[in-house]
Amino acid sequence: MSKDPFSSIVSPSKDNLEKLFRNHNEELICFGHHHPTHFFTGKEATYLNPGSLGCNHKPAAPYALINFSKKKFEITLQETEYDNEDFLKSYYDTNGCIISGDQLNQLDQSYFTPEMK
């Protein structure tokens with residue numbers, strides 16, 4: 001891990017996060033910018049990235065609810081589905097593509113590789 005903001009980005013694994021935050025005394029560390037959801041409980045802390053809104057293999061917005069009590073916290077991962085048809089249509093229209101609703105549905109499903117589904 002490096003304090004250099006231009007160093008290579010490492011995978012947000014439990015081991016890497018424990019190394020990165022080893023000198024911090026927090027019990028919960030929330031982070032972002034990486035699109036997938038990450039939720040790890042390590043030796044010293046819990047690490048949480050609820051995921052990215054709109055950068056997902058399905059039209060759902062992930063989020064986390066954190067309930068705090070005096071001595072502990074509880075995390076619940078949630079998601080809210082949304083209709084992404086208008087977003088996808090505007091994206092393709094902006095880029096010079098005019099498509100029908102049926103084509104939009106095909107693009108929505110075929111845009112992602114099997115590994116991403």
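To be clear, the structure that these remarks concern was listed above.
## Looking at the overall build of the protein chain
When helices and strands are tallied, the protein chain shows three helices and five strands. Start at the N end of the protein chain and walk to the C end: the helices and strands fall as α-β-β-β-β-β-α-α. Burial analysis of the protein chain (117 residues in total) assigns 25% to the buried set. Excluding contacts between residues fewer than 6 apart, the proportion of contacts in the protein chain whose partners are at least 24 apart in sequence is 25%.

## Description of the pairing of strand β5 (residues 73-81)
As defined by bridge partners, strand β4 (residues 60-68) adjoins β5 across nine bridges and the pair is classed as antiparallel. The residue of β5 that forms the bridge with alanine 60 is glutamate 81. Once β4 ends, the chain turns through four residues before running back antiparallel as β5.

## Observations regarding the sheet that holds strand β3 (residues 46-49)
Where strands meet in a sheet, backbone hydrogen bonds hold them as pairs that are either parallel or antiparallel. Across the sheet, three strands lie side by side as β1-β3-β2; this open sheet has mixed pairing. The outermost strands of the open sheet, each flanked by one partner alone, are β1 (28-30) and β2 (38-41). Taking each pair of neighbouring strands and ignoring which way they run, the sheet shows an average axis angle of 15 degrees. Here β2 runs beside β3; their pairing, made up of four bridges, is antiparallel. Within the sheet, the bridge partner assigned to phenylalanine 39 lies in β3 and is leucine 48.

## What about the side chain of asparagine 16?
Residue position: asparagine 16 is located in helix α1 (residues 14-20). For asparagine 16, a relative accessible area of 19% translates into the label buried. A distance of 2.8 Å separates a polar atom in the side chain of asparagine 16 from the backbone oxygen of serine 11.

## Some words on the environment of threonine 37
Positionally, threonine 37 belongs in the loop between β1 and β2. Separated by 15 residues in sequence, threonine 37 and serine 52 have C-alpha atoms that sit 7.6 Å apart. Sequence-distant contacts of threonine 37, defined by excluding residues within four places in its chain, comprise Asn49, Pro50, Gly51, Pro62 and Leu77. Side-chain polar atoms of threonine 37 contact the backbone oxygen of proline 50, separated by 2.9 Å.

The rules we used
Residues numbered from 1 in each chain as written. Predicted model: local features only at pLDDT ≥ 70, side-chain atom pairs only at ≥ 80, totals over all residues. Heavy atoms only, no water. Helix = DSSP H or I, 4+ residues; strand = E, 2+ residues; numbered from the N terminus. Buried < 20%, exposed > 50% of the residue type's maximum accessible area, 1.4 Å probe, protein only. Contact = heavy atoms within 4.5 Å. Pairing = 2+ DSSP bridges. Axes fitted to C-alpha atoms, helices over the stretch in contact; angles between N-to-C directions. Polar contact = N/O pair within 3.5 Å; in protein donor to acceptor, adjacent residues only side chain to side chain.

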